[in-house]
Amino acid sequence: MSHAPTQHLDDAARRLRSLLPTRDDLVSVRRDQRQNLVAGLTVAIVALPLALAFGAASGLGAQAGLVTAVVAGIVAAVFGGSNIQVSGPTGAMTVVLVPVVHQHGVTGVLMVGMLAGVVLVAMAVARLGRFVRYLPVSVIEGFTAGIAVVIALQQVPSALGVTDASGDKVWAIAADAVQRFTLHPSAAPLIISVTVATLMLAGARWRPRVPFSLIGVALATAGTHLFDLHVATLGHLPASLPAPSLGFVDLGAISALTTAALAIAALAALESLLCATVADAMTVDEHHDPDRELFGQGLANIVVPLFGGVPATAAIARTAVNVRAGATSRLAAVTHSLVLLALVFVAAPLVSSIPLAALSGVLFATCVRMVETGALRALLRSTRSDAVIVCLTFLVTVFVDLVSAVGVGVGVAVVLALRSVARTARLEEVPIDTGDHSAQEHALLSEHIVVYRIDGPLFFGAAHRLLLELPDIVDVDVVILRMSRVTTLDATGANVLADAITRLERRGIVVLLSGLATEHDDVLRSLGTAAALRDAGRILPDTPTAIALARSLLSLPGPAVPGHRSDGSQADASHLSGPKTS
């Protein structure tokens, strides 16, 4: 028993060492350096107006957004679990920070950011990063749409030139701003905001690679001075980063800020890991380490408050730009931060004259682009349960708060999923079949064809086993997925299935589906899942037909498939755990 504490300490030390950067990270940084430098410069151009806008929206000022983008961008890039992720201030985080600023001031925000960083590090050591994958897609989409609406509502006062709007909730503040604007209208801020947003949205369709956000802000700033318009600007920005200081620490405020810190940590973990998952899907060979990503975000949030920055997380928009610009290593994210740092020293006077209404326009356009309307409509059409979860999560996000929205959405999803599973449960008499079909299995394997049978529900709580196991199979040319025994299929299961198919096909493996029930096929059709397989005629009515097509595709002669039952299905095929994987 006396050795138990020592053993626990050793385990914790080993776990901590596994979260630190490795030699492989340094090797990857040395590859494609020019390409990553260009990608980092591209991201910095896009990130500048966003960092300023999110900093101003948080209540700490635009300089806080710049500081966060510089410091968190470097720390999270070096210590995080993704090679291509870019971190900094985000819109979702500002939604949580605004009430903290009102209740506890700047000191409260700095304290809560550091506490959230400690929580994130603890989550990484406890290996909690992997559990985010179980969040239903319907919760994520409703949550994202709700955040977009909240951010847009936050920008209404600045867009209308109203500085004294009040209210308990963001929608109440926006309503009060509209009322005050009608009493004393001022056209200039509204025109600036609408013009910048329109330029960004129209320009993105015309020339996606051109940074229209920066162009719009520059034009608005120049126009404001040229026509001598009286609008609120960012005001004074520091000519350098503030010196590190621990003077803000107030031990008496820790208990009052703990709840907010937990909310921020949960939001940072959720947004960072979802962003990393999206980034992986945009590439072929990238796979993030979820626990190490939490560790990197935790360290970033511990360090950022020392320089006066706001809590940070990975940014989906900036990460997407990074990937599209050709980033392959952490060098791109670090470059993005260094370019922003140079702007702090060189262009602070110019940046300080940017109108707040222009940044509101940037955020309005960002909100529009945050919401994938096609995916949202598809979810609302897929199943009644997914539609309920999307709408409920959205409403709680807008009218209550973000953390409550995730809790309510997941809770309702669990209840509806269990209800769905209970409804599909059947007591079925299965005829005893003592035949030995190992010869048939070996015959198929010798032809590099493997059959997997998926039994039971394929919904958000169970679907990821498919994603984890299927892409790792080796020495196979064709994979047949038997879907006849799938009892439940929701939007998350369909998305995971699509991801598994994509990963297999990227490795040159042909995928066929067989025995798909009509109601499950309707879900796949509404989401656009497996459309390429359907167009290619690779969704078959039964497994023998699929095996025949597989042999035809591989041009392998084979005997008639033995062992068919009277219903046409294959008597013996591998289960999901089937052939050994590596």
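Residues numbered from 1 in each chain as written. Predicted model: local features only at pLDDT ≥ 70, side-chain atom pairs only at ≥ 80, totals over all residues. Heavy atoms only, no water.

### Overview of unusual backbone geometry
Despite not being glycine, Arg127 shows a phi value in the positive range, around 60°. On the secondary structure map, Arg127 appears in the loop between helix H5 (91-125) and helix H6 (137-160). A residue is classified by how much of its surface remains accessible, and Arg127, at 42% relative accessible area, is partly exposed. Despite not being glycine, Ala530 has its phi angle at roughly 60°, a positive value. With respect to the helices and strands, Ala530 occurs in the loop between helix H22 (518-527) and helix H23 (531-535). Since its relative accessible area comes to 13%, Ala530 is described here as buried. (Helix = DSSP H or I, 4+ residues; strand = E, 2+ residues; numbered from the N terminus. Buried < 20%, exposed > 50% of the residue type's maximum accessible area, 1.4 Å probe, protein only.)

### With respect to the confidence of the model for the protein
Per-residue pLDDT for the protein averages 79, and the proportion of residues at 70 or more is 82%. When mean pLDDT is taken per element in the protein, helix H11 (residues 290-303) scores highest with 95 and strand E9 (residues 574-575) scores lowest with 34. Throughout residues 425-438 the model reports pLDDT below 50, and contacts reaching past four residues in sequence, or to other chains, amount to five contacts. Of the regions scoring below 50 in pLDDT, residues 556-582 engages in 63 contacts with residues more than four places distant in sequence or in other chains. (pLDDT = per-residue confidence, 0-100. Contact = heavy atoms within 4.5 Å.)

### As for the side chain of Thr543
With respect to the helices and strands, the residue Thr543 is situated in helix H24 (residues 543-554). A relative accessible area of 4% places Thr543 in the buried class. Within polar-contact distance, the side chain of Thr543 engages the side chain of Arg482 at 3.2 Å. Of the polar contacts made by the side chain of Thr543, one reaches the side chain of Ser514; its length is 3.2 Å. (Polar contact = N/O pair within 3.5 Å; in protein donor to acceptor, adjacent residues only side chain to side chain.)

### A word on a nonpolar patch on the surface
Taken together, Trp171, Leu395, Phe399 and Val400 make up a surface patch of nonpolar side chains, about 380 Å² in accessible area. On the secondary structure map, Trp171 appears in helix H7 (residues 170-183). Assessed through its relative accessible area of 39%, Trp171 is described here as partly exposed. (Patch = residues over 30% accessible without salt bridge, like charges linked within 9 Å, V, L, I, M, F, W, Y side chains within 5 Å. Areas by Shrake-Rupley, 256 points an atom, 1.4 Å probe, with all protein chains shown as cover. Salt bridge = Lys/Arg side-chain N within 4 Å of Asp/Glu carboxyl O.)

### A closer look at the environment of Val321
Relative to the assigned elements, Val321 resides in helix H12 (residues 316-324). Put simply, Val321 and Arg209 are 112 residues apart on the chain and 8.7 Å apart in space, counted from C-alpha to C-alpha. Apart from the residues lying within four places of it in its own chain, the contact partners of Val321 are Thr42, Val43 and Val46.

### Side note on the packing of aromatic side chains
All chains considered together, the criterion is met by two aromatic pairs. Seen in terms of ring centroids, Trp206 and Phe212 are 6.3 Å apart; in terms of plane orientation they differ by 45°. Their pairing is tilted. Taking the relative accessible area as the measure of exposure, Trp206 reaches 58% and is therefore exposed. Residue Phe212 is classed as buried on the basis of its relative accessible area of 10%. (Phe/Tyr/Trp six-rings, centres within 6.5 Å; stacked < 30°, edge-to-face > 60°.)

### So, helix H17 (residues 384-399)
Here H17 spans 23 Å end to end across 16 residues, near enough to the 22 Å set by a 1.5 Å rise per residue. Turning to H17, its buried residues number three or more, namely Asp386, Ala387, Ile389, Val390, Thr393, Val396, Thr397 and Val398. (Expected span 1.5 Å × (residues − 1).)

### Details of the nonpolar core
Counting residues in each nonpolar core, the largest one holds 86 residues, and the members touching the most others are Leu52 and Leu402. The dominant element in this core, judged by the number of residues it contributes, is H5, at 17 residues. Those residues in contact with Leu402, other than ones at most four positions away along the chain, are Ala92, Val95, Val96, Phe143, Ile147, Leu267 and Thr397. (Core = buried A, V, L, I, M, F, W, Y, C linked by side-chain atoms within 4.5 Å.)

### Details of the pairing of strand E3 (residues 449-453)
Every regular strand shows the same layout, with side chains that alternate between the two sheet faces. With five of five residues buried, E3 lies mostly within the body of the structure. Burial along E3 is two-sided: the residues Ile449, Val451 and Arg453 and Val450 and Tyr452 are all buried.

### Re the packing of H6 against H7
Running from N to C, H6 and H7 cross one another at 25°; their axes reach a closest spacing of 8 Å. With respect to H7, the axis of H6 lies roughly parallel. For the element pair H6 and H7, the recorded crossing hand is left-handed. On H7, the residues that touch Val150, Leu153, Gln154, Val156, Pro157 and Leu160 of H6 are Val170, Trp171, Ile173, Ala174, Ala177, Val178 and Phe181. Residues that form the contact of H6 with H7 fall into these classes: 12 nonpolar, one polar and no charged. (Axes fitted to C-alpha atoms, helices over the stretch in contact; angles between N-to-C directions. Parallel < 35°, antiparallel > 145°, perpendicular 65-115°, else oblique. Left-handed = near helix turned anticlockwise from the far one by under 90°. Nonpolar A, V, L, I, M, F, W, Y, C, P; charged D, E, K, R; others polar.)

### Overview of the packing of helix H3 (residues 33-58) against helix H15 (residues 356-370)
Packed helices, taken two at a time, are described by the angle their axes make and the gap between the axes. Two numbers describe how H3 lies on H15: the axes approach to 9 Å, and their chain directions differ by 105°. With respect to each other, H3 and H15 are oriented roughly perpendicular. Across the interface between the two elements, Pro49, Leu50, Leu52, Ala53, Phe54, Ala56 and Ala57 of H3 pack against Leu356, Leu359, Val362, Leu363 and Thr366 of H15.

### Re the pairing of strand E5 (residues 478-482)
Most of E5 sits out of view: five of its five residues are buried. Residues Val478, Ile480 and Arg482 point to one face of E5 and Val479 and Leu481 to the other, with burial holding for every one of them. The pairing of E3 with E5 spans five bridges and is classified as parallel. Across the sheet, residue Val450 finds its bridge partner in E5, namely Val479. Bridging between E5 and strand E7 (residues 510-514) involves five bridges; their strand directions are parallel. In the strand pairing of E7, Ile480 is matched with Leu512. (Pairing = 2+ DSSP bridges.)

### Considering H6
When the terminal C-alpha atoms of H6 are compared, their 35 Å separation across 24 residues agrees well with the 34 Å that a helix rising 1.5 Å per residue should span. Along H6, the largest kink reaches about 30° and is centred on Gln154; proline Pro157 follows within four residues of it. (Bend = angle between axes of the 7 residues up to and from the residue.)

### Remarks on the environment of Val119
Structurally, Val119 can be placed in helix H5. Residue Val119 is classed as partly exposed on the basis of its relative accessible area of 23%. It is 9.8 Å that separates the C-alpha atoms of Val119 and Ile302, two residues lying 183 residues apart in sequence. With residues near it in sequence (within four places) discarded, Val119 still touches Leu262 and Ala265.

### A closer look at the pattern of salt bridges
In total, this model carries four salt bridges according to the counting rule given. Close ionic contact of Arg180 with Asp176 constitutes a salt bridge, the shortest N to O distance being 2.7 Å. Here Arg180 pairs with Asp176, and both are found in helix H7, just four residues apart, close to one helical turn. For Asp176, a relative accessible area of 14% gives the class buried. Of the charged contacts, one joins Asp521 and Arg525 as a salt bridge, the two residues approaching to 3.0 Å between their closest N and O atoms. Note that Asp521 and Arg525 are positioned in helix H22 at a spacing of four residues, about one turn of the helix. Given a relative accessible area of 14%, Asp521 falls into the buried group. Put simply, Asp521, Arg525 and Arg534 are held in one network by salt bridges that share partners.

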